[in-house]
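Residue-level structural notes
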Amino acid sequence: MKLFDLIYPYYKIVSLIGMAKNAGKTMVLNHIIEEAIENDVKIGLTSTGRDGEREDIVTKTEKPTIYVERGTIIATAKDLLLKCEAKVEILEVTPYTTSLGEVIIGKVRSCGLIQLAGPDVNAYMKDVANKMLSYGAAIVLIDGAIDRKSVASPWIADAAILSTGAVISRNVEVVKNETIHQVELFQLEEVKCESLKKIAAEIYERKGYAIVDKNGSVEELSIKTALNSGTIIGSAINEDSKFVILSGSLVERVITHIMDVCPYYKDVTFIVQDATKIFIDRRSWRAFKSRGIKVKVLHPIKILAVTTNPYAPEGYFFEPQGFLQHMRQALSPISVIDVKLEE
């Protein structure tokens, strides 16, 4: 099945995220744009970073441009709107600002190249995406910036497409294993118990931290962040504890400190909002799992597909078809697609 057929008409807001810079994310974006044009589907486009410029302002390397047809809805910063070759009718000036000016929602009146830079705050991005839908976009595509996997959050997007490729390593096994790790995080088991889900949602609403025991009693912890509070959290876990609800990010240091002070860490399940909150590398994650650490999410992430880019900007590459098949075997049953081979 083609990548576009996985998206339309099933999902309204889709995020594109990359395992690393130059993983082929914008190439995938352009492929979906072309498919949308062929299928006469109106799309909305925005980005959490900056996309569409001819040259990367950091690395000074060539970047893929973004060409759109008449009728496309875009959300971009004021300064970049002035750089667009396409003629754009302004529909709304949002209250959200970036370093490149206010975020403006517009409708393309004549085809051409565009540049994108949308809000970098999740709540603002969600609002802008919904506004683009209200202006007639059938699908909104959010191009995530490097290391901004938070746009994959189910709170913002209905589904996500993950781009991986040779840029991660010259060793194909490293690329495979790092991609499997990210997919595994995105597919962490969801909390099923409705009463526990309600408790967790209320704790997250207050940006709090809490321990739930086997009788359902909730003890909220007086901490503002988990980053330097692993010892406090670990000390509060006892033999009756069953769940630890964590707002914010889950990082290696927190788990390590909990394990250092708490003999009952294997008896509890840690609950985070979604997998974009987890920042633990592959080796540490494996080590924690082997020692009995259990993590679930309140909101699972829907991975539509993984896309592969066999070429690295340093000049080396993997044989495209062989790389694609290798990743398909590793990630089955997830769809793995090389959009260049699809064309």
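Use the structure listed above.
What this report covers is the structure whose coordinates are included nearby.

Rules used in this analysis
Residues numbered from 1 in each chain as written. Predicted model: local features only at pLDDT ≥ 70, side-chain atom pairs only at ≥ 80, totals over all residues. Heavy atoms only, no water. Pairing = 2+ DSSP bridges. Helix = DSSP H or I, 4+ residues; strand = E, 2+ residues; numbered from the N terminus. Contact = heavy atoms within 4.5 Å. Axes fitted to C-alpha atoms, helices over the stretch in contact; angles between N-to-C directions. Salt bridge = Lys/Arg side-chain N within 4 Å of Asp/Glu carboxyl O. Buried < 20%, exposed > 50% of the residue type's maximum accessible area, 1.4 Å probe, protein only. Expected span 1.5 Å × (residues − 1). Polar contact = N/O pair within 3.5 Å; in protein donor to acceptor, adjacent residues only side chain to side chain. Arc of directions from axis to C-beta.

Attention now goes to the sheet that holds strand 9 (residues 159-165). Spatially, the nine strands line up as an open sheet ordered 5-6-4-2-8-1-9-17-18, and their pairing is mixed. The sheet terminates laterally at strand 5 (87-98) and strand 18 (336-337), the two strands that pair on one side only. Here strand 1 (residues 13-18) runs beside strand 9; their pairing, made up of five bridges, is parallel. Paired with Val14 across the two strands is Ala159, which belongs to strand 9. Along the sheet, helix 5 (residues 172-186) makes contact with strand 1, strand 9 and strand 17 (303-309), crossing strand 9 at roughly 165°.

Below, the discussion takes up the pattern of salt bridges. Inspection of every chain in the model, using the stated rule, returns 13 salt bridges. Of the charged contacts in the structure, one is a salt bridge between Arg286 and Glu184, with a shortest N-O distance of 3.1 Å. You can see Arg286 sitting in helix 9 (residues 282-290) and its partner Glu184 sitting in helix 5, a full 102 residues away along the chain. Here Arg206 makes a salt bridge to Glu220, at a shortest N to O gap of 2.5 Å. Of this pair, Arg206 sits in the loop between helix 6 (194-205) and strand 10 (209-213) while Glu220 sits in strand 11 (residues 218-220), and the two are 14 residues apart along the sequence. Glu220 gets classed as partly exposed once you look at its relative accessible area, which sits at 41%. What you see here is one network of salt bridges that share partners, running through Glu190, Lys192, Glu194 and Lys197.

As paired elements, strand 5 and strand 6 (residues 101-110) share eight bridges and run antiparallel to each other. Residue pairing in the sheet places Lys87 in a bridge with Ser110 of strand 6. In sequence, strand 5 turns back onto strand 6 through a hairpin of two residues.

On to helix 5, then. The end-to-end C-alpha distance of helix 5 is 21 Å, a good match for the 21 Å that 15 residues give at a rise of 1.5 Å each. Among the residues making up helix 5, those that are buried are Val175, Lys176, Thr179, His181, Gln182, Val183, Glu184, Leu185 and Phe186. The inward-facing, buried residues of helix 5 abut strand 1, strand 9, strand 15 (278-279), helix 9, strand 17 and helix 10 (320-331). Its side-chain oxygen at 2.8 Å from the backbone nitrogen of Glu173, Asn171 defines the N-terminal cap of helix 5.

Here we take up helix 9. Since there are 3.6 residues in each turn of an α-helix, residues three or four apart along the chain are aligned in direction. Taken as a whole, helix 9 has its buried residues at Arg282, Ser284, Trp285 and Phe288. All buried residues of helix 9 fall inside an arc of 165° around its axis, so they share one side. Of the exposed residues in helix 9, the ones pointing more than 90 degrees away from its buried face are Arg283 and Ser290. For helix 9, the elements touching its buried residues are helix 5, helix 8 (252-261), strand 15 and strand 16 (295-297). Looking one or two places after helix 9, you find Gly292, whose phi comes out positive at around 100°.

Quick look at unusual backbone geometry now. Between Tyr8 and the following residue, Pro9, the backbone shows a cis peptide bond with an omega angle of 10°. Structurally, Pro9 can be placed in the loop between helix 1 (3-7) and strand 1. Note that the residue after Ser332, namely Pro333, is joined by a cis bond; omega there is 15°. When you line up the elements, Pro333 lands in the loop between helix 10 and strand 18. One non-glycine residue, Asn22, lies in positive phi territory at about 70°. Mapped onto the elements, Asn22 comes out in the loop between strand 1 and helix 2 (25-38). Of note, Lys207 is a non-glycine position whose phi angle comes to about 55°, a positive value.

What follows concerns the side chain of Glu92. Along the polypeptide, Glu92 turns up in strand 5. At 2.9 Å, the side chain of Glu92 and the side chain of Lys131 are in polar contact. Here the side chain of Glu92 touches Tyr135 through a polar contact of 2.7 Å, side chain to side chain. Once residues lying within four places of it in the same chain are set aside, the contact partners of Glu92 are Val103, Ile104, Ile105, Lys131 and Tyr135.

This part covers the environment of Asp281. Locating Asp281 in the fold gives a position in the loop between strand 15 and helix 9. The exposure class of Asp281 is partly exposed, given its relative accessible area of 44%. Taking the C-alpha atoms as reference, Asp281 lies 16 Å from Lys294; in sequence the two are 13 residues apart. Every residue in contact with Asp281, bar those within four places of it in the chain, is listed here: His181 and Glu252. Engagement of the side chain of Asp281 in a polar contact is seen with the backbone nitrogen of Arg283, the distance being 3.3 Å.

Time to look at the sheet that holds strand 16. Across the sheet, five strands lie side by side as 11-10-12-14-16; this open sheet has mixed pairing. Strand pairing shows two members of the sheet lacking a second neighbour, strand 11 and strand 16, which therefore form its edges. The average undirected angle you get between the axes of adjacent strands in this sheet is 25°. Helix-sheet contacts for helix 6 involve strand 10, strand 11, strand 12 (241-246) and strand 14 (269-272), and the interaxial angle to strand 12 is about 40°.

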